[in-house]
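Results of the structural survey
One letter stands for each residue in the lines below.
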Amino acid sequence: MTAGLKLTSRSLGIAVGSFIALFALLAASSHFIILVDFERLEERLARQNLERVLADLDNTTNTLVQILGDWSVWDDTLEYITGKKPEYITENLDAETFANLHLQMLILADLEKQIVWGKIYDHETETLQALTPEMKAYLSDLSELWSHDSPESRNAGLICSPE
């Protein structure tokens, strides 16, 4: 009977050991498979979110190009730039305009690339702030802003300002 008990104990030990080893192998492999799948899913979702952000940025830029491009050829804009219509700013470029167009900054410049008017919109206080001398210098040195092949050309995009 002791021999039978030894055999049963040994068989039970082997069965339990095999079960534990099989369970550990199954847990490790499923963890690896699931982890890889989640990493792929996370990467795909991040890529989709980035594409959405870029598409929204592109749409916003195109809308601003249309609106501000339209303003740039107004007679009133030209008259303001040349000093003939000082009321242009109060009539067209108040804080509400910046908020409605989701603008952070807007500048008006003459043909000599001199900034005639410029403001920065503070979204927290909903007020317009003057351009600092550093910002004016930065914008004046930004060649991409001033490079135009023709009167109809437009430069649009984001700039990383020092402020």
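Whatever comes next refers back to the structure up there.
The rules behind these values
- Residues numbered from 1 in each chain as written.
- Predicted model: local features only at pLDDT ≥ 70, side-chain atom pairs only at ≥ 80, totals over all residues.
- Heavy atoms only, no water.
- Helix = DSSP H or I, 4+ residues; strand = E, 2+ residues; numbered from the N terminus.
- Rg over C-alpha atoms; globule rule 2.2 N^0.38 Å.
- Buried < 20%, exposed > 50% of the residue type's maximum accessible area, 1.4 Å probe, protein only.
- Contact = heavy atoms within 4.5 Å.
- Lys, Arg positive; Asp, Glu negative; His and termini not counted.
- Charge placed at Lys NZ, Arg CZ, Asp CG, Glu CD.
- Pairing = 2+ DSSP bridges.
- Axes fitted to C-alpha atoms, helices over the stretch in contact; angles between N-to-C directions.
- 1 Å grid on protein atoms, 1.4 Å probe; cavity = no way out; pocket = protein on both sides within 12 Å on 5 of 7 lines; lining within 4 Å.
- Points joined across faces, edges and corners; volume = space filled by probe spheres on them.
- Nonpolar A, V, L, I, M, F, W, Y, C, P; charged D, E, K, R; others polar.
- Patch = residues over 30% accessible without salt bridge, like charges linked within 9 Å, V, L, I, M, F, W, Y side chains within 5 Å.
- Areas by Shrake-Rupley, 256 points an atom, 1.4 Å probe, with all protein chains shown as cover.
- Salt bridge = Lys/Arg side-chain N within 4 Å of Asp/Glu carboxyl O.
- Phe/Tyr/Trp six-rings, centres within 6.5 Å; stacked < 30°, edge-to-face > 60°.

**With respect to the overall build of the protein**
Along the protein, the regular secondary structure elements total six helices and three strands. Mapped from its N terminus to its C terminus, the protein presents α and β elements in the order α-α-α-α-β-β-β-α-α. The C-alpha atoms of the protein give 33 Å as radius of gyration, which overshoots the globular expectation for 163 residues (15 Å, by more than 25%). In terms of principal-axis extent, the alpha carbons of the protein reach across some 115 × 35 × 25 Å. Looking at the protein as a whole, 17% of its 163 residues qualify as buried. At a minimum sequence separation of 6, the contacts of the protein that also span at least 24 residues come to 40%. The protein carries 12 positive and 26 negative side-chain charges, and their two centres are separated by 17 Å.

**Description of the sheet that holds strand β2 (residues 115–122)**
Read across the open sheet, the three strands follow the order β1-β2-β3; overall the sheet is antiparallel. Each edge of the open sheet is held by one strand with a lone partner, namely β1 (105–109) and β3 (127–130). With strand direction ignored, the average angle separating the axes of adjacent strands in the sheet is 25°. Pairing analysis gives four bridges linking β2 to β3, with the strands arranged antiparallel. Within β3, the residue paired with K119 across the bridge is A130. Contacting β1 and β2, helix α5 (residues 133–140) runs over the sheet at an angle of about 120° to β2.

**What about the layout of surface pockets?**
One water molecule sets the probe size; rolling that probe over the atoms shows where empty space is left. Considering only enclosed or pocket space, the largest pocket measures out at about 2,100 Å³ in volume. Along its surface, the largest pocket is lined by 49 residues, and L68, L106, I107, L145 and N155 are the ones closest to its centre. For the lining of the largest pocket, the secondary-structure elements that each account for two or more residues are α1 (2–72), α2 (75–81), β1, α5 and α6 (143–146). A total of nine residues in the lining of the largest pocket trace back to one element, the largest contributor, which is α1. The class makeup of the residues in the lining of the largest pocket is 27 nonpolar, 15 polar and seven charged.

**Considering a nonpolar patch on the surface**
Together, L12, V16, F19, I20 and F23 make up an exposed nonpolar region whose accessible area comes to about 560 Å². Within the secondary structure layout, I20 lies in helix α1.

**Observations regarding the packing of aromatic side chains**
According to the stated counting rule, one finds four aromatic pairs in the structure shown. Ring geometry for Y80 against Y88: centres 5.7 Å apart, planes inclined by 25°, an arrangement best described as stacked.

**As for the side chain of N92**
Here N92 shows up in helix α3 (residues 88–92). The exposure class assigned to N92 is buried, which follows from its relative accessible area of 17%.

**Re the pattern of salt bridges**
All told, the structure shown has four salt bridges when counted by the stated rule. Across the salt bridge formed by E43 and R47, the nearest N and O atoms sit 2.8 Å from each other. On the criterion of helical spacing, the pair formed by E43 and R47 is a turn pair, its members being four residues apart in helix α1. For E43, a relative accessible area of 48% puts it in the partly exposed group. Salt bridges sharing partners connect three or more residues here, namely D76, K85 and E87.

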